[in-house]
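Now for the letters of each chain:
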Amino acid sequence: MGSITIVSKLDIETYKGNIINNEFVPTPETRHSINPATGKALYEVPVARKEDLDTAVQNARAAFKSWSATPFSERANLLLKYADLIEANRDQLEKLLTTEQGKPLSLSHTEVDNALHWLRTFATMEVKDEVLKEDDEKIVYSTYPPIGVCAGIVPWNWPILLGLGKVGPALITGNTFIMKPSPYTPYCDLKLGELAAQVFPPGVVQVLSGDDNLGPWITEHPGIDKIAFTGSTATGKLVAASCAKTLKRYVLELGGNDAAIVCEDVDIDKCLPKIAMMSFLNSGQICMLTKRIYIHEKIYDEFRDKMVEFTKGNIKTGAGTEEGVVVGPVQNKMQFDKVKDLYDEIERSNWKTALSGQAGEFEHGYFITPAIIDNPPEDSRIVQEEPFGPIVPLLKWSDEVDVIDRANALKSGLGASVWAKDVKRAERMARQLSAGSVWVNSHFDVAPDVPFGGHKESGIGMEWGIEGLKHYCNSRSLWVWKRVFQ
Ligand code: NAD
C-alpha cells in the first residue's frame, strides 16, 4: 500500500496500484493494454482480485454514512475542486487518452472539455424534495435519498467522459462510487482515481482495474447497491441478469444503430459536413452516430456524390497524434476483427460501394479507412447491425410513413435525427421516432443537464439531467400529518 501525495503534474507512466480508500493498492498480478496506433505495449496496471473488491466495497459502505450526510454545498465544492485538479492536469490526460484510446488529440481535448463541463454542471444540480400535496392536516413529499454504494462499468470509447459522467451524478446525490474501467483503456480512469484521492474523503471514489472477471464480480456483489453500466447490448443483458440476483438497481446505456432521415428540401452543402462527420467521428466508435442515413430519392445521387467528395477531402485516417486526423485507429483487436469482417462482407454480399474503404491486415496499428455503402438491401448486415467502425450505408426513401417505419424497425433505439428546411414537418416526423434522443437538423447533441438513454434494447433508465440524477436515488414518499396530536 502507498499513500497518495498531492502532485503538481501527473506522472502518466507510473501505475502503483488500484485506488482504494485513497491509497495505492498493488496487486500480485499486473497486465497492460496496447497503443492501438503502434501495437506497442503500454504500462503495467493492476489486476484486481476479489478481495480487493471486497475491501473497496467495505470502505465505500463506511464512507457512505458521512458522505451521504454531507451538505449538498460541500459535495458541490469538492466536485468543483476535483474539476479544477483535472483541468490542471489536462495536457497529460489528453496525451494519455490518445495513447490508450487512439482518438485524435483534438477529440481528446473535446472529451476533457466536456468532462469538465459535465462535472461543473453536476455541481449545480440538486435533486430537491417535491411537495406532492399539502392541506391543513398533512404534507406529502417525494424525497430522494442516495442509494448507497454505486459502481460504474465504463467502455473503451470515452473512458474519461463516460467515467466522470457517472462519478459526478453519483457523488452529488450523496452516493459513494467504485469505477471499473474497460481493460482496453484503464489508464486515464486510474489517473482520475489518483486525482480524486487528493480531493474526496477515503472510500468516496475508488478505481479498480482488472481483467474480465472483475465486471461480473461487481454486478454480483451483495455490498453494491447500483450499477451504472455503459457498453454493448449483449453485455448489458448479462449485467441485468446478474443484478437480478441481489435486486440491485441498474441503469444500462447500450448500443445504438441511429437512423438519420434527410428530407428532399435540405441545403445539401450545409447539412452534409455535419452528417458525414457524425458518421466517422472517433472512427465510428460512438454509440450515437449517423449509422443509417436515409436520403430522399430526389436528392440521393447528389447527396451521395458530395458525401464521397467530402469524405475523401476532409476525413483523414492516421495516428491520433498526426495533425488533421479524424479517423484514428480502431481501438482494439476484437473491434478491428469485427469491423474487418463487415468490410469483407462487401464482396461476399455484393454491396455497391460509393467509397470503398480499406480494412487491411494489422501492421503497426488498427487502421481502417472510411467506406460508404450505396443503397444496400434493408435486411443486410450493414443496415441491421451496429458497425462501430468507419463504415456507413446510404439508403433511399420516398414515402414518409415508410421511412419512419424503417428507422424504427430495429431493436435498438438510442438516437435518431431528421434533417429538413421545413422544421415543422421535421419535428412532426421526429416525434414519431422511438429513440432516447431525437434531433432536428443535428445529431449527437448531449448535455449534462439533459437526460440521455435508450429505448428498446439500447438501454434502461437515463443518465444525466435531473432524471438521470434521480436514478442514483431511491424514491421515498414522506407523509407528515401535522395535527394528529394537537
Ligand atoms: P462491452 O459491453 O464489451 O464492455 C463494456 C464494459 O463492460 C467494459 O468495462 C467491460 O470490461 C465490462 N464487462 C464485460 N463483460 C462484463 C460482464 N459480464 N459483467 C460486467 N461487466 C462486463 O462494450 P464495449 O465494447 O466496451 O463498448 C462498445 C459498446 O458500448 C457499443 O455497443 C456501444 O454502442 C456501446 N456504448 C453505449 C453508450 C451509451 O451511452 N449508450 C456509450 C458508449 C458505448
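None of these values were measured; they are calculated from a predicted model.

Visitor: Summarise the domain arrangement of the protein chain; cite the residues concerned and give the values.
Guide: A common way to express how large an interface is: the accessible area buried when the components associate. Taken domain by domain, the protein chain holds domain 1 (18-254 + 458-477) and domain 2 (258-440). The distance between the C-alpha centroids of domain 1 and domain 2 comes to 31 Å. In this assembly, 21 residues from domain 1 lie in contact with 28 residues from domain 2. At the junction of domain 1 with domain 2, the criterion picks out zero salt bridges. Counting across the domain 1 and domain 2 interface gives ten residue pairs in polar contact (both at pLDDT 80 or more). Listing elements by their share of the side of domain 1 that touches domain 2, those giving two or more residues are α3 (90-101) and α4 (105-122). The biggest single contributor to the side of domain 1 that touches domain 2 is α3, with three residues.

Visitor: Describe the packing of aromatic side chains, listing the residues and the values that go with them.
Guide: Per the stated rule, a full pass over the model turns up ten aromatic pairs. Both rings, one in Tyr-15 and one in Tyr-187, keep their centres 5.2 Å apart while their planes meet at 70°; by these two values the pair is edge-to-face. A residue pair is termed long-range when its members are at least 10 positions apart, and Tyr-15 in the loop between β1 (2-3) and β2 (18-20) and Tyr-187 in helix α6 (residues 187-197) qualify at 172 residues. Per residue, the accessibility class of Tyr-15 equals that of Tyr-187, and both read buried. Ring geometry for Trp-118 and Trp-464: centres 5.4 Å apart, planes at 85°, overall edge-to-face. With Trp-118 in helix α4 and Trp-464 in the loop between β26 (462-463) and α15 (465-470), this pair connects stretches of sequence that are 346 residues apart. For the pair formed by Trp-118 and Trp-464, the shared burial category is buried. Three or more aromatic residues link up through ring pairs in this structure, and these residues are Tyr-15, Tyr-43 and Tyr-187. Above the face of the Tyr-472 ring, Lys-226 is positioned so that its terminal group lies 3.5 Å from the ring centre.

Visitor: I'd like a rundown of the sheet that holds strand β18 (residues 371-374), residues and numbers included.
Guide: Adjacent strands of a sheet pair through backbone hydrogen bonds, lying either parallel or antiparallel. Here seven strands make up an open sheet; going across it, the order is β17-β18-β19-β14-β13-β21-β22 and the pairing mixed. Both outer strands of the open sheet, β17 (353-355) and β22 (437-440), are each paired with one neighbouring strand and no more. Averaged over all pairs of adjacent strands, the angle between their axes in this sheet comes to 20°, without regard to strand direction. Examined bridge by bridge, strand β14 (residues 292-296) and strand β19 (residues 391-397) share four bridges and lie parallel to one another. When the sheet's bridge partners are listed, His-296 is paired in β19 with Trp-397.

Rules used in this analysis
Residues numbered from 1 in each chain as written. Predicted model: local features only at pLDDT ≥ 70, side-chain atom pairs only at ≥ 80, totals over all residues. Heavy atoms only, no water. Domains from an automatic or database assignment. Contact = heavy atoms within 4.5 Å. Salt bridge = Lys/Arg side-chain N within 4 Å of Asp/Glu carboxyl O. Polar contact = N/O pair within 3.5 Å; in protein donor to acceptor, adjacent residues only side chain to side chain. Helix = DSSP H or I, 4+ residues; strand = E, 2+ residues; numbered from the N terminus. Phe/Tyr/Trp six-rings, centres within 6.5 Å; stacked < 30°, edge-to-face > 60°. Buried < 20%, exposed > 50% of the residue type's maximum accessible area, 1.4 Å probe, protein only. Lys NZ or Arg CZ within 6 Å of the ring centre and 35° of its normal. Pairing = 2+ DSSP bridges. Axes fitted to C-alpha atoms, helices over the stretch in contact; angles between N-to-C directions.

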